[in-house]
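# Breakdown of the fold
Read off the chains here:
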Amino acid sequence: MSKILITGGAGFIGSTLADKLIEEGNQVVIVDDLSMGDVENLPKSMNVTFHEESITNHFFMTKLLITNNFDYIYLLAAVASVADSIERPIETHAVNQNANLNILETIRKEKLTPKKIVFSSSAAVYGNGPELPKKETSSIDPMSPYAIDKFATERFMVDYGKLYGLPTVCTRFFNVYGPKQNPKSPYSGVLSIVSDCLVRDDIFTLFGDGSQTRDYVYIDDVVDALLILATTPEAKNDVYNVATGETISLVDVIKAYESASGRKVKVVKKEARLGDVQDSLADITKLRGLGYEPKVNVTAGLAKYWDALQEK
Ligand code: NAD
Ligand code: UD1
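These numbers were taken from a predicted model, which means no experiment stands behind them.

On a plain count of helices and strands, the protein comes out with 10 helices and 13 strands. What you see for the protein is a C-alpha radius of gyration of 19 Å, in line with the 20 Å of a compact globule of 312 residues. For the C-alpha atoms alone, the extent of the protein along its principal axes is close to 55 × 45 × 40 Å. Restricting the contact set of the protein to residue pairs at least 6 apart, pairs at least 24 apart contribute 78%. Accessible surface, the protein: about 13,800 Å² in total, of which carbon and sulfur atoms supply 52%. Here the protein carries 33 positive and 41 negative side-chain charges, and the mean point of each set is 2 Å from the other.

Another aspect to go through is the domain arrangement of the protein. Partitioning the protein into structural domains gives domain 1 (3-175 + 217-242) and domain 2 (178-215 + 246-282 + 292-311). Facing the 30 residues of domain 1 at the interface are 27 residues of domain 2. For the pairing of domain 1 and domain 2, the buried interface totals around 2,500 Å² over both sides, and the portion due to carbon and sulfur atoms is 60%. At the surface where domain 1 touches domain 2, the tally comes to three salt bridges. The element best represented in the side of domain 1 that touches domain 2 is helix α7 (residues 219-231), accounting for six residues. Here the side of domain 1 that touches domain 2 is composed, by residue class, of 15 nonpolar, eight polar and seven charged.

What follows is about the site of ligand 2. As a structural note, the neighbourhood of ligand 2 is formed by 22 residues, with Ala 80, Ser 122, Val 190, Thr 205 and Asp 276 the closest of them. Within the side chain of Ser 122, a nitrogen or oxygen atom sits 2.2 Å from an oxygen atom of ligand 2. Contact between ligand 2 and Gln 212: an oxygen atom at 2.9 Å from a side-chain N or O atom of the residue. Computed on the free molecule, ligand 2 has an accessible area of 730 Å², of which 89% lies beneath the protein chains in the complex. Among the elements that take part in the shell around ligand 2, strand β8 (residues 203-207) stands out by supplying four residues, more than any other. A breakdown of the residues in the shell around ligand 2 according to their chemical character gives 12 nonpolar, seven polar and three charged.

Around ligand 1, the structure places 29 residues, and the nearest of them are Phe 12, Ile 13, Asp 32, Tyr 146 and Val 176. Within the backbone of Asp 33, an N or O atom sits 3.2 Å from a nitrogen atom of ligand 1. For the shell around ligand 1, the secondary-structure elements that each account for two or more residues are α1 (12-23), β5 (116-122), α5 (145-164) and β7 (175-177). Broken down by element, the shell around ligand 1 gets its largest block of residues, three residues, from β5. Here the residues of the shell around ligand 1 sort into 15 nonpolar, 10 polar and four charged.

Attention now goes to the sheet that holds strand β11 (residues 238-242). Ordered in space as β3-β2-β1-β4-β5-β6-β11, the seven strands form an open sheet in which the pairing is parallel. The open sheet has two edge strands, β3 (48-52) and β11, and neither has a second partner. On average, each strand axis in the sheet is inclined to that of its neighbour by 20°, with strand direction left out of account. Of the strand pairs in this sheet, strand β1 (residues 3-7) and strand β4 (residues 72-75) are connected by four bridges, and their pairing is parallel. Each residue of the ladder has a partner; that of Ile 6, found in β4, is Tyr 74. Contacts between helix α2 (residues 58-68) and the sheet are confined to β1, β2 (27-32), β3 and β4, with β1 contributing the most and set at about 165° to the helix.

Extensive coverage of β1 is indicated by the burial of four of its five residues. Examined bridge by bridge, β1 and β2 share five bridges and lie parallel to one another. In the strand pairing of β2, Ile 4 is matched with Val 28. For the segment spanning β1, α1 and β2, crossover handedness is right-handed.

Definitions and cut-offs
- Residues numbered from 1 in each chain as written.
- Chains lettered and ligands numbered in written order.
- Predicted model: local features only at pLDDT ≥ 70, side-chain atom pairs only at ≥ 80, totals over all residues.
- Heavy atoms only, no water.
- Helix = DSSP H or I, 4+ residues; strand = E, 2+ residues; numbered from the N terminus.
- Rg over C-alpha atoms; globule rule 2.2 N^0.38 Å.
- Contact = heavy atoms within 4.5 Å.
- Areas by Shrake-Rupley, 256 points an atom, 1.4 Å probe, with all protein chains shown as cover.
- Lys, Arg positive; Asp, Glu negative; His and termini not counted.
- Charge placed at Lys NZ, Arg CZ, Asp CG, Glu CD.
- Domains from an automatic or database assignment.
- Buried area = accessible area lost by both parts, 1.4 Å probe.
- Salt bridge = Lys/Arg side-chain N within 4 Å of Asp/Glu carboxyl O.
- Nonpolar A, V, L, I, M, F, W, Y, C, P; charged D, E, K, R; others polar.
- Near = heavy atom within 4 Å.
- Polar contact = N/O pair within 3.5 Å; in protein donor to acceptor, adjacent residues only side chain to side chain.
- Pairing = 2+ DSSP bridges.
- Axes fitted to C-alpha atoms, helices over the stretch in contact; angles between N-to-C directions.
- Buried < 20%, exposed > 50% of the residue type's maximum accessible area, 1.4 Å probe, protein only.
- Right-handed = clockwise from strand over helix to strand, strands pointing away.

This is the structure we're talking about:
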């Protein structure tokens, strides 16, 4: 049994990861300020401890880290929206970068001994560079405060490994989707918003012409990737794409969702969002080298997602 910290563990990816870690018999501590997360997402288990707290509360985080000396730390808390970071660059910087740096500093100064610190970075760091698919060595061009903070924090993670010997690893998630993704903010992941529109028969606002492409990766594959990266010792002080290696346009993914659900999405078009990336696709060779293989393609993933929404 390992003692594991998940920041942002009441959110979409964090809570699904927590389900899996609890199922495997671990003890999980979650810190989440519930700005986007929901206590309803948390696994119902004696082995989960939940703190409704912001990771920007450095005093609280420092004490928590020292008291527990966790075996594994997953840093998933973030203001996860590109658009929101453009509206509120200072506030999002405090969460997306400074709070994580404080966690690293505490681990270093207090000589804590986690087996792995996994930081959730993003495909957003690649920006609009022409090279596709994106390899981890492709050029970096962060186009929003969100992407800048993710890239800078990645560098802190990698270099805290090299300078001070901390075992860190970073995930560049592409577009993750699936049950528990919160559709309630205008900045929520697009497939959670489409789901909500399908369920409620609401109008979906499509920004741009719908030709923008994304590598949509199903949540179960993302949880697999997180576990592989945490438990593989050679995945250290490095960065890995987490995706499927397949791409689809927004118009086509909406069509695929219409087929999976048997419903129609009502669409209204608006101007493209500021800072929006046009095309995104991952090369996942590096992660495959650690034994990762995505199991859920977009057609199967949307069907699973729709089934889960029906059960709810
Ligand atoms: P999410 O919004 O569901 O989860 C993030 C969680 O962090 C939420 O529960 C939120 O309440 C919490 N949080 C926000 N600010 C906090 C703070 N100050 N203190 C404590 N908790 C705070 O998003 P997600 O999709 O689960 O994303 C998890 C991580 O993965 C994030 O770091 C995000 O940037 C990254 N990521 C996600 C995607 C994606 O497609 N979903 C893609 C790339 C990267
Ligand atoms: C998403 C993630 C981000 C991550 C990045 C990595 C979310 C909220 N954002 O950003 O954390 O770093 O992937 O690739 O999960 N759109 C609409 N209508 C809407 C909402 C979105 O047309 O109501 C469009 C957007 O303009 C964009 C596309 O859909 O072109 C995808 O948007 P979104 O789901 O927000 O994802 P990213 O911006 O790619």
